[in-house]
Amino acid sequence: LTTVTTADTAMVNGDGAHEHTEEAESKQDRNGEADGGEESNEQEVIVIQDTGFTVKIQAPGTELFDLQVSPQEMVQEIHQVLMDREDTCHRTCFSLQLDGNVLDNFAELKSIEGVQEGSLLKVVEEPYTVREARIHVRHIRDLLKSLDPSDAYNGVDCNSLSFLSIFTDGDLGDSGERKKKGSELEQIDCTPPEHILPGSKERPLVPLQPQNKDWKPMQCLKVLTMSGWNPPPGNRKMHGDLMYLYIVTVEERHVSVTASTRGFYLNQSTTYTFNPKPANPSFLSHSLVELLSQISPAFKKNFTALQKKRVQRHPFERIATPFQVYSWTAPQVDHAMDCVRAEDAYTSRLGYEEHIPGQTRDWNEELQTTRELSRKNLPERLLRERAIFKVHSDFAAAATRGAMAVIDGNVMAINPGEETRMQMFIWNNIFFSLGFDVRDHYRELGGDAAAHTAPTNDLNGVRAYGAVDVEGLYTLGTVVVDYRGYRVTAQSIIPGILEREQEQSVIYGSIDFGKTVVSHSKYLELLDKTSRPLKVQRHSVLNDKNDIVELCSSVECKGIIGNDGRHYILDLLRTFPPDLNFLPVDGEELPPESQRQGFPRQHRHRLACLRQELIEAFVEHRYLLFMKMAALQLMQQKANKDSNKTDTPSITETSETSTECKADTAQTQTTATDSSNVVLNACKAVGSISNTSFDIRFNPDIFSPGVRFPDDSTDDVQKQKQLLKDAAAFLVSCQIPSLVKDCLDHSALPMDGVTLTEALHQRGINIRYLGTVLEFVDKTPAKAQLQHFYVTSSRHTSRFGVELSALSAAVSHFLNCFLSSFPDAVAHLPPDELVSRRKSRKRRNRVPGSGDNTAWASLTPSELWKNIASEAQSYYHFTVQCESVDQVVEKYGLQKITLLREISIKTGIQILIKEYNFDSRHKPAFTEEDILNIFPVVKHVNPKASDAFHFFQSGQAKVQQGFLKEGCELINEALNLFNNVYGAMHVEICACLRLLARLNYIMGDHPEALSNQQKAVLMSERVLGIEHPNTIQEYMHLALYCFANGQLSTALKLLYRARYLMLLVCGEDHPEMALLDSNIGLVLHGVMEYDLSLRFLENALTINTKYHGPRSLKVALSHHLVARAYESKAEFRSALQHEKEGYTIYKNQMGEAHEKTKESSEYLKYLTQQAVALQRTMNEIYKNGSNASIMPLKFTAPSMASVLEQLNIINGIIFIPLR
């Protein structure tokens, strides 16, 4: 029916399978959730005939070879494959011909007559143009640099690091399997490095990036750059000269090369004299590689070797990621000459790709046109989502580049006369503005603090409206970039908006926060469609003339019709309702749940709003309440009918189910007579806006200063105010406790700042609640079990000085104050003529371009920590009673290296990878040489692949019901769809691969599990980062599958890597560490390293006991594992002691009859017998001396199967009988 390919074959060595899969889609999996067009056409099954076929390719200088293609493919994709293949990679300027006819690059193969199974396509060299010559040189340079990681360190071209292959010694194929048992085993060296052992205090940084032997590049050329003689003079142009190159070979031969229409040849120019005549011999070649291979033997040898290595690498190590990932550490890399890099920096190649006619891209047009594509059936939706995703990632990259150019001062402002903070910029058709309060726009709302928050709120609004995806309603492409302490908002430009005054353009909403308000019927109609999914209530407000104006959004949301006739909405910063916990309003009382926690609190700005996740959770919660109340009333009615009573008992019995309903319940104790009344009462009680059905929506303008409501809506406004108070109380009384509970159950385990933020946001808790969360943790009885929380929260310290400006001296001085124990960090001021005009602005109290240039130099560590403490107090309402980094580390059990990682990631600092001595009291830890770079921190919208996601979810559901086979098929299908939309690299594909690997493993297909998990690890390293908590988890899964596949030493290496990374990210004191250590202990037990094994298993036991309490089943299992290790060492007394502990827990928790308790009791008997036997033998020896007849003792090396069984248990893998 369809062909299924996995992502990786799509671009390996071009040896075939790179079909683009189109999907068959069936009714039952699409739980009708996708989009509205679903019901109309009973979702027919779409089958696209996609049978691949083989064509023969003949290229000059190589023999014929076969290539697998699919009819959907464009001719251009064959070009790409040929440019990647080892033997044809040096050709870029060629056409493909069939029987002498040139094939059109953009034609699909199925549309070309004569292309069929076995057709012969000839590769024909074409004459060069200047553009083709540039592309050629660029491609050759990319091939030469293909193993060089410097692009990944510099964060360019969507390259990023990956180290997995170092630990697996290349590919995890069958090559690594150790089939022979016995003598082979002893040869594995299992000793981990000192710093990985439990209890070790050193946290080195260098192992984070192990040395990859492939990266010591084989040098092919010393220099390849543009010659100073460019561009060719007129008379030479007429001879066909396109450009000149200057090359130095490894043998120190300096040559000058002409790129001409016919190819490349040596000319007679030198550095100082121009002589464009061909040299003798001129070595004219169509490809630069052919030319260089003739004049430099070293080039020929090394280039071939390099290409061999390049194609052997896993494709996931070299495919570009969709969004740039930055590394916070990098080694010292030699800065080499690079023609293309220099050219990229200085030419006007401003983010436009060279193949786009008209030079710059019209971002707005691209973003909106892709939204307008048709989405009636699956192939159309895939095409549309793929286009949307591609334009978004290109736009994010261009916007980031532009924002950096703006802050670095490379872009001229459109209003150069005004002071710096008020300037606005346009670059590459993107509009940039700085996060300052320009023209006192936000004066009422908190000035610069509000102006700093508004862009992210606006981005959340754009994300929400984009996800609802209403046809005919358009939002702007929006990216928020924090770079060198400034916040820049990048937006696509509405056509025609720059030519007219804002007052004329806005036909919906208000530009002065609600004084003058206008509305428009078309906008109301469009926004009405978003009202239900976004829970926004349609409401009326008064304008300055006291007219009633109807809106369906907050007043700030402006509607503008562009010159292209599209309806745009912008300024979506108040899409979601205000957060009353952080917005004190005179005369308004918050519910007791909030007051007990000390709310409302003064916040730095008045833009604090609730997150979309919270609104969803709150409405869900209210819905359950609504159902409960309706059911209860119906039951009462039934009871009344039965006993013919006239007075209805009141509903107060439900009060425990709904504390926040008490106030409302009092009013609803009317006599419910019929079922419609029941619904009415329940609706009133939960605050529904409709009286006949459950429907909760919020009015985002409540409590906005300057907004007035008409008199007739007073009741409504009162209801809305109550809803907002209830929502604020719900966050404090339900969401925060549920987060803490999830951490206690270990269903949520944040390891670092990033994952903590995600955990909070998933539950709709804003970061400003961090202090409240910590207070809650403090009050929890099981406080010890939540210690790992503090580690993560240390990032509240890294909120305050985040906005450092570039200058390495300032950054290194700041880091010294922040982390070094050295008491008087002194900044080294650079010599005067170099003093930078940038300063480190501590949290926006200074305007760029004013004040004393060296203010940052006088900062001292004690001052800095005072700032931190006051920042934590004012922003998070959390008290840090510490005056120096050492006290903080002591009190909260943090690590300096963790703090360094957090602040570097948060602020975009890149530091030199070396060992830092933080604790020296004699010299500061950092010098300015250690600060290598400063990167932008970018926030943007992530467009989703909706169909793929539905498949993925229904796959997960099937698996949970135990239908593994069906689940597996659905998830494979999802993987194909994800690849179709996102390309090969994406976070969601990573999750898909991990689940697939787990299913393969459970269903017994270990090699397939290994291959999928290997991809998941590589992808996680590339897309999330080499030490992201998710990557650590992926390493652990991969180790398990390696072990199951008999690759023991690899499994150990992977586990050691995971442990090193976890130590770096969160330290030893974290519940996940127990699982990791149990894994390591078991694998070591399996290779008979009993002493080492015990160190890890006993550490796991300690951590489990601390976090799960001494009576938990996890602890019982830990005791059992330790007992087994002691048994293997024949130390039966210790073994018995541990197994007894385990037995007691099982007995108390599960009862005598449970199989676990029985197993444990059996094992105790066995241990006792062994102990007795050993004792007998010893006595025998004492009695009879050397001629004792000794019974041989059974010491069994643990079998691999039994170790694997225990590994499966601790990793939560249960083999269920397949249905």
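What counts and how
Residues numbered from 1 in each chain as written. Predicted model: local features only at pLDDT ≥ 70, side-chain atom pairs only at ≥ 80, totals over all residues. Heavy atoms only, no water. Helix = DSSP H or I, 4+ residues; strand = E, 2+ residues; numbered from the N terminus. Buried < 20%, exposed > 50% of the residue type's maximum accessible area, 1.4 Å probe, protein only. Contact = heavy atoms within 4.5 Å. Areas by Shrake-Rupley, 256 points an atom, 1.4 Å probe, with all protein chains shown as cover. Expected span 1.5 Å × (residues − 1). Polar contact = N/O pair within 3.5 Å; in protein donor to acceptor, adjacent residues only side chain to side chain. Pairing = 2+ DSSP bridges. Axes fitted to C-alpha atoms, helices over the stretch in contact; angles between N-to-C directions. pLDDT = per-residue confidence, 0-100. Phe/Tyr/Trp six-rings, centres within 6.5 Å; stacked < 30°, edge-to-face > 60°. Lys NZ or Arg CZ within 6 Å of the ring centre and 35° of its normal. Patch = residues over 30% accessible without salt bridge, like charges linked within 9 Å, V, L, I, M, F, W, Y side chains within 5 Å. Salt bridge = Lys/Arg side-chain N within 4 Å of Asp/Glu carboxyl O. Parallel < 35°, antiparallel > 145°, perpendicular 65-115°, else oblique. Left-handed = near helix turned anticlockwise from the far one by under 90°.

1. Topic: the overall build of the chain
- A count of helical and extended segments in the chain gives 38 helices and 23 strands.
- Taken over 1219 residues, the chain has a buried fraction of 56%.
- Pairs at least 24 apart in sequence give 69% of the contacts found in the chain among residues at least 6 apart.
- Just so you have it, the chain exposes about 52,900 Å², and 53% of that area is on carbon and sulfur atoms.

2. Describing helix H35 (residues 1113–1128)
- A rise of 1.5 Å per residue sets the reference length of H35, with its 16 residues, at 22 Å; its end C-alpha atoms lie 23 Å apart and thus fit the reference within 8%.
- Most of H35 sits out of view: 14 of its 16 residues are buried.
- The opening residue of H35, the one whose side-chain oxygen lies 2.9 Å from the backbone nitrogen of Lys 1114, is Ser 1112.
- Just downstream of H35, Ala 1130 is the residue with a positive phi angle, here 65°.

3. Structural notes on the sheet that holds strand S23 (residues 937–940)
- As summarised here, the arrangement of the five strands in space is S11-S12-S15-S14-S23, forming an open sheet in which the pairing is antiparallel. Edge positions in the sheet fall to strand S11 (424–427) and S23, since each of these pairs with one other strand and no more. Between one strand and the next, the sheet's axes are offset by a mean angle of 20°, whatever the strand orientation.
- Here four bridges tie S11 to strand S12 (residues 430–434), and the two strands are oriented antiparallel to one another. Residue Trp 427 lies in a different strand from S12, and its bridge partner there is Ile 430.
- Most of the contacts of helix H12 (residues 447–468) go to strand S14 (residues 478–483), to which it runs at about 145°, and overall it touches S14, strand S15 (486–492) and S23.

4. Things to note about the sheet that holds strand S22 (residues 931–934)
- Within the open sheet, the three strands sit side by side as S10-S21-S22. Their pairing is mixed. The two strands at the open ends of the sheet, each matched to only one other strand, are strand S10 (329–330) and S22.
- Relative to strand S21 (residues 909–912), S10 is paired through two bridges, and the arrangement is parallel. Its bridge partner lying in S21, Ala 330 is registered against Leu 912.

5. Details of the confidence of the model for the chain
- On average, residues of the chain score 81 in pLDDT, and 82% of them reach the 70 mark or higher.
- A low-confidence stretch, residues 347–358 (pLDDT under 50), is modelled with 18 contacts involving residues beyond four sequence positions or located in other chains.

6. A short note on the packing of aromatic side chains
- Under the definition given, this model contains 29 aromatic pairs.
- Geometrically, the ring pair formed by Trp 427 and Phe 432 is edge-to-face, given 6.5 Å between the ring centres and 65° between the ring planes. The pair formed by Trp 427 and Phe 432 is uniform in burial state, with each residue classed as buried.
- Here the aromatic cluster, defined as three or more aromatic residues joined through ring pairs, consists of Phe 323, Phe 389, Phe 952, Phe 978 and Tyr 982.
- We note Arg 566 situated over the ring of Tyr 474; from NZ or CZ to the ring centre the distance is 5.4 Å.
- The aromatic ring of Phe 599 is capped on one face by Arg 601, whose charged end is 4.4 Å from the ring centroid.

7. Considerations on a nonpolar patch on the surface
- On the surface, Met 1178, Ile 1181 and Tyr 1182 cluster together into a nonpolar patch covering about 310 Å² of accessible area.
- Take Tyr 1182: its relative accessible area is 65%, and that puts it in the exposed class.

8. A few points about the side chain of Lys 725
- Within the secondary structure, Lys 725 sits in helix H19 (residues 714–744).
- For Lys 725, a relative accessible area of 9% corresponds to the buried category.
- A polar contact is formed between the side chain of Lys 725 and the backbone oxygen of Glu 589, at a distance of 3.4 Å.
- With sequence-adjacent residues up to four places away left out, Lys 725 is seen in contact with Leu 580, Glu 588, Glu 589, Leu 590 and Pro 591.

9. Points about the pairing of strand S5 (residues 120–125)
- As judged from the three bridges shared by strand S1 (residues 53–58) and S5, these two strands associate in the parallel manner. If you follow Gln 58 over to S5, its bridge partner there is Lys 122.
- Inspection of the sheet shows strand S3 (residues 94–98) paired to S5 by four bridges, in the antiparallel sense. Within S5, the position partnered with Gln 97 by the bridge is Lys 122.

10. Structural notes on the pattern of salt bridges
- Taken as a whole and judged by the stated rule, the model has 56 salt bridges.
- Ionic pairing is found between Glu 108 and Lys 110, a salt bridge with its closest N-O pair at 3.4 Å.
- A salt bridge links Arg 313 to Glu 317; its shortest N-O distance comes to 3.7 Å.
- Linked through salt bridges whose partners overlap, the residues forming this network are Arg 371, Arg 375, Arg 384, Asp 469 and Glu 471.

11. Digging into helix H26 (residues 896–907)
- Along its 12 residues, H26 runs 16 Å from first to last C-alpha, staying within 8% of the 16 Å computed at 1.5 Å per residue.
- Burial analysis of H26 places 10 of its 12 residues in the buried class, which makes it a mostly covered element.
- Those residues of H26 that sit buried are Lys 896, Ile 897, Thr 898, Leu 899, Leu 900, Arg 901, Glu 902, Ile 903, Ser 904 and Thr 907.
- Immediately beyond the C-terminal end of H26, within one or two residues, lies Gly 908, with a positive phi of roughly 80°.

12. Brief notes about the environment of Gly 764
- Summarising the element assignment, Gly 764 is placed in the loop between helix H20 (753–762) and helix H21 (770–779).
- Between the C-alpha atoms of Gly 764 and Arg 611, which are 153 residues apart in sequence, the distance is 5.3 Å.
- Those residues in contact with Gly 764 that lie beyond four places of it in its chain are Arg 611, Glu 613, Leu 614 and Leu 731.

13. Quick look at the packing of helix H31 (residues 1029–1044) against helix H33 (residues 1071–1086)
- Running from N to C, H31 and H33 cross one another at 20°; their axes reach a closest spacing of 12 Å. Taken together, the axes of H31 and H33 are roughly parallel relative to one another. Our pair here, H31 against H33, has a crossing hand that is left-handed. Contacts from Gln 1033, Met 1036 and Phe 1043 in H31 reach Glu 1072, Leu 1075, Leu 1076, Asn 1079 and Val 1083 in H33.

14. With respect to the environment of Val 130
- When you line up the elements, Val 130 lands in helix H2 (residues 130–144).
- Since its relative accessible area comes to 39%, Val 130 is described here as partly exposed.

15. Quick look at the pairing of strand S17 (residues 539–542)
- In this structure, S17 lies alongside strand S18 (residues 548–551), joined through four bridges in antiparallel fashion. The partner of Ser 540 across the bridge, within S18, is Glu 550.
- Hairpin connection of S17 to S18: five residues between the antiparallel strands, including Asn 546 at a positive phi of 60°.

16. A few points about the packing of helix H30 (residues 1006–1023) against H31
- One way to put it is that H30 packs onto H31 with a least axis distance of 9 Å and a crossing angle of 160°. With respect to H31, the axis of H30 lies roughly antiparallel. Here the hand of the crossing between H30 and H31 comes out left-handed. Taken together, the residues of H31 that come into contact with H30 (itself represented by His 1006, Ala 1009, Leu 1010, Gln 1013, Gln 1014, Ala 1016, Val 1017, Ser 1020 and Glu 1021) are Asn 1030, Thr 1031, Glu 1034, Tyr 1035, His 1037, Leu 1038, Tyr 1041, Cys 1042 and Ala 1044.

17. Structural notes on unusual backbone geometry
- Cis rather than trans, the peptide bond between Asn 230 and Pro 231 has omega equal to -15°.
- Mapping Pro 231 onto the fold places it in the loop between strand S6 (221–226) and helix H5 (234–237).
- Here the residue pair Phe 599 and Pro 600 is connected by a cis peptide bond, since its omega of -5° sits within 30 degrees of zero.
- Examined against the element boundaries, Pro 600 turns out to sit in the loop between helix H15 (592–596) and helix H16 (612–643).
- At Asn 429, a residue that is not glycine, the phi angle is positive and equals roughly 60°.
- Judged by relative accessible area, which is 32%, Asn 429 ranks as partly exposed.
- At Asp 469, a residue that is not glycine, the phi angle is positive and equals roughly 60°.
- Note that Asp 469 resides in the loop between H12 and strand S13 (473–474).

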